[in-house]
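# Structural overview
For reference, the chains in residue letters:
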Amino acid sequence: MENRIAETLKILTETDKEACETVHVSENEPITNKKRLFIESYGCQMNFADSEIVASVMREAGFATTSDAENADLVFLNTCAIRDNAEQRVRTRLKQLNVYKKKKPGMLIGVLGCMAERLKAKLLEEEKMVDIVTGPDAYRDLPRLVEEAETGQKGVNVFLSREETYADISPVRLNSNGITALISIMRGCDNMCSFCVVPYTRGRERSRDPQSIIKEAQDLFNDGYKEVTLLGQNVDSYKYADPNNKSEIFSFAKLLEQVALISPELRVRFSTSHPKDITDEVLYTIKKYDNICKYIHLPAQSGNSRVLEIMNRTYTREWYLERIDSIRRILGDECGISHDMIAGFCTETEEEHQDSLSLLEYVRFDFGYMFSYSERPGTPAAKKFTDDIPADIKQRRLAEIIEVQQRISTERNKKLIGTIQRVLVEGTSKRSEADFSGRSDQNKVVIFPRENFKKGDYVNVLITDTTSATLRGKAVIEEEIIQLA
Ligand code: SAM
Ligand code: SF4
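All values reported here derive from a predicted model rather than from experimental measurement. (Residues numbered from 1 in each chain as written. Chains lettered and ligands numbered in written order. Predicted model: local features only at pLDDT ≥ 70, side-chain atom pairs only at ≥ 80, totals over all residues. Heavy atoms only, no water.)

As a matter of local geometry, ligand 2 sits amid Cys189, Asn191, Met192, Cys193, Phe195, Cys196, Val198, Pro199, Gln233, His274 and Arg313. Among the residues making up the shell around ligand 2, the classes are represented as 7 nonpolar, 3 polar and 1 charged. (Near = heavy atom within 4 Å. Nonpolar A, V, L, I, M, F, W, Y, C, P; charged D, E, K, R; others polar.)

Turning next to the environment of Met192. Summarising the element assignment, Met192 is placed in the loop between strand E9 (186-187) and helix H8 (198-202). Remark: the alpha-carbon pair of Met192 and Lys239, spanning 47 residues in sequence, is separated by 19 Å. Excluding anything up to four places from it in sequence, Met192 contacts Pro199, Tyr200 and Asn312. (Helix = DSSP H or I, 4+ residues; strand = E, 2+ residues; numbered from the N terminus. Contact = heavy atoms within 4.5 Å.)

This part is about the confidence of the model for the protein chain. With 94% of its residues at a pLDDT of 70 or more, the protein chain shows a mean pLDDT of 93. Throughout residues 10-19 the model reports pLDDT below 50, and contacts reaching past four residues in sequence, or to other chains, amount to 14 contacts. (pLDDT = per-residue confidence, 0-100.)

Moving on, we come to the environment of Tyr225. Within the fold, Tyr225 resides in the loop between helix H9 (210-222) and strand E11 (227-231). Owing to a relative accessible area of 8%, Tyr225 belongs among the buried residues under this scheme. With 121 residues separating them along the chain, Tyr225 and Cys346 place their C-alpha atoms 44 Å apart. Contact partners of Tyr225, with chain neighbours within four places excluded, come to Arg173, Ser176, Gly178, Ile179, Thr180, Ala181, Leu220 and Leu266. (Buried < 20%, exposed > 50% of the residue type's maximum accessible area, 1.4 Å probe, protein only.)

Attention shifts here to the pairing of strand E16 (residues 336-343). In terms of burial, E16 is largely enclosed, as 8 of its 8 residues are buried. Here E16 shows no split at all, with Gly336, Ser338, Asp340 and Ile342 on one side and Ile337, His339, Met341 and Ala343 on the other all buried. Two strands pair when backbone bridges link them, and strand E15 (residues 295-297) and E16 are joined in this way by 3 bridges, in the parallel orientation. Bridging from a neighbouring strand, Ile296 pairs with Ile337 of E16. In this sheet, strand E17 (residues 367-372) lies alongside E16 in parallel orientation, the contact comprising 6 bridges. Residue pairing for E17: His339 is matched across the bridge by Gly368. (Pairing = 2+ DSSP bridges.)

Counting residues in each nonpolar core, the largest one holds 70 residues, and the members touching the most others are Leu230, Phe252, Leu255, Ile296 and Tyr320. Once you skip the residues sitting within four places of it in the chain, Leu230 turns out to touch Ile183, Ile185, Ile213, Val235, Phe252, Leu255, Leu256, Val259, Val268, Arg269, Phe270 and Ser271. Counting 23 residues, the second-largest nonpolar core is a separate cluster that includes Ala72, Cys80, Val90 and Val158. (Core = buried A, V, L, I, M, F, W, Y, C linked by side-chain atoms within 4.5 Å.)

For helix H7 (residues 142-150), the complete set of buried residues consists of Leu142, Leu145, Val146 and Ala149. Along the axis of H7, the buried residues cluster in a sector spanning 100°; they form a single face. On its buried side, H7 packs onto helix H3 (45-60), strand E3 (63-65), strand E4 (74-79), strand E5 (108-113), strand E6 (132-134) and strand E7 (155-157). Looking one or two residues beyond H7, the residue adopting positive phi is Gly152, at roughly 95°. (Arc of directions from axis to C-beta.)

This paragraph deals with the side chain of Ser326. One can find Ser326 in helix H13 (residues 317-331). Residue classification places Ser326 among the buried residues on the basis of a relative accessible area of 1%. At a separation of 3.1 Å, a polar atom in the side chain of Ser326 contacts the side chain of Arg323. With near-sequence residues (within four places) excluded, Ser326 lies in contact with Asp280, Leu283 and Leu331. (Polar contact = N/O pair within 3.5 Å; in protein donor to acceptor, adjacent residues only side chain to side chain.)

On to the site of ligand 1. In the vicinity of ligand 1 lie 16 residues, with Gln233, Pro299, Gln301, Asp340 and Ser374 positioned nearest. In this structure, Asp340 approaches ligand 1 through a side-chain N or O atom, which is 2.5 Å from an oxygen atom. Look at ligand 1: alone it shows 550 Å² of surface, and the protein chains cover 91% of it. Residue assignment for the shell around ligand 1 shows that the elements contributing at least two residues are E16 and E17. (Areas by Shrake-Rupley, 256 points an atom, 1.4 Å probe, with all protein chains shown as cover.)

On to the state of the cysteines. In this structure the tally under the stated criterion is 0 disulfides. Among the cysteines around Cys293, which has no disulfide bond, Cys335 carries the closest sulfur, lying 10 Å off. Residue classification places Cys293 among the buried residues on the basis of a relative accessible area of 1%. (Disulfide = S-S within 2.5 Å.)

Side-chain pairs of opposite charge can arise whenever the charged atoms involved come near each other. Applying the stated criterion across every chain, the model contains 51 salt bridges. In this structure, Asp280 and Arg323 form a salt bridge, with 3.0 Å as the shortest nitrogen-oxygen distance. Of the two residues, Asp280 is situated in helix H11 (residues 280-288) and Arg323 in helix H13; the sequence distance between them amounts to 43 residues. Residues Arg439 and Glu426 are paired through a salt bridge, measuring 2.8 Å at the closest nitrogen-oxygen approach. Of the two residues, Arg439 sits in strand E19 (residues 435-439) while Glu426 sits in strand E18 (residues 420-428), which places them 13 residues apart along the sequence. Arg439 gets classed as buried once you look at its relative accessible area, which sits at 18%. (Salt bridge = Lys/Arg side-chain N within 4 Å of Asp/Glu carboxyl O.)

Residue Thr272 is reached from Ser271 by a cis peptide bond, and omega for that bond is 10°. Here Thr272 shows up in the loop between strand E14 (267-271) and H11. Backbone geometry places Asn312, a non-glycine residue, at a positive phi of 60°. In this fold, Asn312 is placed in the loop between helix H12 (305-310) and H13.

Now for the sheet that holds E14. Pairing within the open sheet is parallel, and its 3 strands lie in the order E8-E11-E14. Each edge of the sheet is formed by a strand with only one pairing partner; in this case those strands are strand E8 (180-184) and E14. Averaged over all pairs of adjacent strands, the angle between strand axes in this sheet comes to 25°, irrespective of strand direction. Relative to E8, H9 is tilted by about 170°, and along the sheet it contacts E8 and E11. (Axes fitted to C-alpha atoms, helices over the stretch in contact; angles between N-to-C directions.)

Structure follows, in structure tokens:
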């Protein structure tokens, strides 16, 4: 059993890195006369998008980015606090950075993002090498905090705002493939799921002016980008009231439509949807526009109604399944659906865990991001419940969830053999220069021989082989598609 758990968890770290374990590192800007900023970003896509805002703010203050931490003047870690291991990784990294700092006196180290917000000035006491601590709503203040730190003082700003959306800041695209980009459409979260630290680290929910979002998407398209992902903790609750006409509410469905109308050549994705808020109107908008990707990330967290209630998710198993049925009814079986699932939440029984497994069997998700419960100080769950599921049982339940999901992912992918998927080429495959890698409408990674295609092309690929994580195939031209039909 133990070997099986280890094996399954190893698979998780290999295939599911993308959403929760990947670290993004800033690139080298070819500029010589500026001070050098190294940014390393942890956690979710929102954090990666925030680092692009930070790079933009710091560019105005005379910094250019570098990929070389050792020789940087300023090092920022943009952190995640969602699980304890995310914070432990940052602490380990800080120790490594301290070695560089000792060799290069004058180097400044800043901790940004959710861990900074959670720990505030305490972080300065615990990690002496840190000079700057900045929460997610205080990035405009970074140049002042850096100046303060340059004089030997510590710089702290963890003020959470009710208004800040950074709407007027044009992000510097970091780690960009020049084809796909992230756009934050809202910040914070009002949901108060009992396990989650986000409402405390990112503050109250607020939506960004839709015109600034549409302009950002249009500018990206004009610059050659072919795909935008609209980001928020709960995109379905996006709503913007024009300050001059408060009765006019701009909904998420309307925003999605306006971004889709920029060009049929611009793909639109979004994340994350919340089961309590995703409406049929959004589903019909997705159906109406070919360039809105038929893919929905709909975190479940548990398949049992009692557990969902104590998680304060505000929906039941039945509600969740009704939303899934609606997605299938409106968008068909080919719509990609993924989930988040937590194993071993407080008081979860074996039967309740079985409900999570049976939910996976019912829905047949394309993939999932699966976690064992990690108690976060200060959250409602930490205050009200005991973290009473022993670590080995959590790990075993997680391994079972992953195993079921992997099997279903493999089966769902196998069904695509012989179909033609429209793939947007994002770049060369990591494994072979001879292959391109891109994603299908349903967000599946597709690898195929490069031939004469180039980055940014939409290519029709006939799927010939699959694993649980990727599809392989070969490009087909129009006449071949007619023959295959
Ligand atoms: N806003 C999204 C939603 O409502 O589902 C998710 C945001 S959170 C950054 C990403 C995922 O981390 C969650 O969906 C949940 O599965 C997981 N997560 C959050 N807090 C956790 C905790 N304390 N322990 C384990 N997993 C957690
Ligand atoms: Fe956390 Fe729940 Fe908000 Fe998602 S919806 S960020 S899980 S509180």
